[in-house]
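# Residue-level structure breakdown
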Amino acid sequence: MAKRVRVEACQEKVQKLLDEGEFYTAQQMYQTFTFRFVKRKDYESAVALLRIGVNALLDHNQYHSASELGSLYIKQLDAGDRALDDETANNISSIFEKFCQAGETTLQEQNKFIREAITWSRKFRSDATPQTHPGLKGTVAYKGCPRFLVLYGDALMRRGEYAAAQEVYAQGGHVDKAVGATFKFASGLPQSDLDLALCRQVLFFLSEGNLKLANAAFSAVDEALFPAYKAPLVNFCKFLLLTLEYHAGDLFASLRTRYRPSLERDPALMKQLDKIGHIFYGIKPQGDMISNLLSSFLA
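A quick note: this is a predicted structure, and the numbers were derived from the prediction, not measured.

## Points about the state of the cysteines
Counting across every chain of the model gives zero disulfides. A disulfide-free cysteine, C199 has its sulfur positioned 3.8 Å from the sulfur of C237, the nearest such atom. Taking relative accessible area as the criterion, C199 reaches 0% and is therefore assigned buried.

Below you can see the structure in the form of structure tokens.
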């Protein structure tokens with residue numbers, strides 16, 4: 001109760017500045033009050049005031065100042081060991097959506113806030129984490145809260161950044177939205193390159209160690225875009241998924257060699273396959289082997 005009263009008292013003082021249009025001064029006062037709370041280790045009040053401040057500045061279209069406070073908000077969530085509960089997730093989501101309402105004028109602020117939120121959320125692993133295939137030989141880094149990743153993916157879709165959305169949705173483990181991004185990405189490609197859109201999405205899911213969702217994405221896109229003719233990378237994905245299902249490491253290497261000309265149409269595909277080889281079979285990327293060899297010579 002006492003903490004809430006202190007936060008409300010601070011907000012009343014800042015509100016006068018907001019009403020007078022003194023937005024920069026208001027931002028500075030929010031920061032001053034926050035640092036006072038932090039000095040007393042009162043992170044709960046600091047977080048509460050910053051949340052109010054970010055929303056207040058957004059309501060006045062002060063996006064840069066709101067972004068500065070938003071960064072401080074995420075920082076204090078971390079410093080105060082705040083749990084990623086429903087309330088906090090809702091608050092972060094609401095702030096990000098307010099940034100997005102301003103459209104392209106706040107792209108930098110949008111990206112900055114949601115990426116910082118995603119980075120902070122990586123310290124929390126939960127049952128909502130996308131499931132990985134059993135028997136993986138390599139580790140899969142947790143990319144962050146699936147809810148935040150999907151929000152980011154939705155923002156990318158609204159901007160028409162479909163290729164980037166493919167990867168972010170895969171990191172968030174949302175197959176339906178990933179398939180939607182794949183269709184949008186494919187709609188801007190010539191017929192001869194449609195298989196690239198499918199292959200990218202399948203490999204993004206596999207790079208997260210998620211064979212189940214990779215299969216689901218493949219089936220949905222294959223059925224819609226390739227009902228009859230099977231382009232080279234469609235066949236590659238089909239064989240790759242079967243190879244990973246049965247842990248056939250020797251066939252994995254053979255597939256890469258056989259389909260290399262088609263894969264090299266997009267250099268990013270070979271990099272994804274390096275990750276997949278490490279995750280599923282413990283195969284070190286060739287670049288790592290060369291680096292290790294050079295290090296041993298120079299040691």
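## Some points on the side chain of S71
With respect to the helices, strands and loops of the structure, S71 is situated in helix α4 (residues 63-79). Ignoring sequence-local partners within four residues, the contact set of S71 consists of K112 and E116.

## A look at unusual backbone geometry
Leave glycine aside and you will find that most residues have negative phi; peptide bonds, for their part, are mostly trans. A positive phi angle, near 60°, is found at N61, a position not held by glycine. Its identity is not glycine, yet H247 carries a phi of approximately 55°, on the positive side. Considering the arrangement of structural elements, one finds H247 in the loop between α12 (232-245) and α13 (249-258).

## Notes on the packing of aromatic side chains
Evaluation of the coordinates by the stated rule reveals four aromatic pairs. Centre to centre, the rings of W120 and F124 are 5.2 Å apart; their planes meet at 75°, and the pair counts as edge-to-face. A residue is classified by how much of its surface remains accessible, and W120, at 5% relative accessible area, is buried. By relative accessible area, F124 is classed as partly exposed at 22%. Aromatic pair F252 and Y281: ring centres 5.4 Å apart, planes at 50°, arrangement tilted. Here Y281 lies in helix α15 (residues 267-281) and F252 lies in helix α13, a separation of 29 residues in the sequence. Each member of the pair, F252 as well as Y281, is classed as buried. Stacked on the ring of F185, the Lys or Arg R200 has its end atom at 5.0 Å from the ring centre.

Here is what the cut-offs are and how they apply
- Residues numbered from 1 in each chain as written.
- Predicted model: local features only at pLDDT ≥ 70, side-chain atom pairs only at ≥ 80, totals over all residues.
- Heavy atoms only, no water.
- Disulfide = S-S within 2.5 Å.
- Buried < 20%, exposed > 50% of the residue type's maximum accessible area, 1.4 Å probe, protein only.
- Helix = DSSP H or I, 4+ residues; strand = E, 2+ residues; numbered from the N terminus.
- Contact = heavy atoms within 4.5 Å.
- Phe/Tyr/Trp six-rings, centres within 6.5 Å; stacked < 30°, edge-to-face > 60°.
- Lys NZ or Arg CZ within 6 Å of the ring centre and 35° of its normal.

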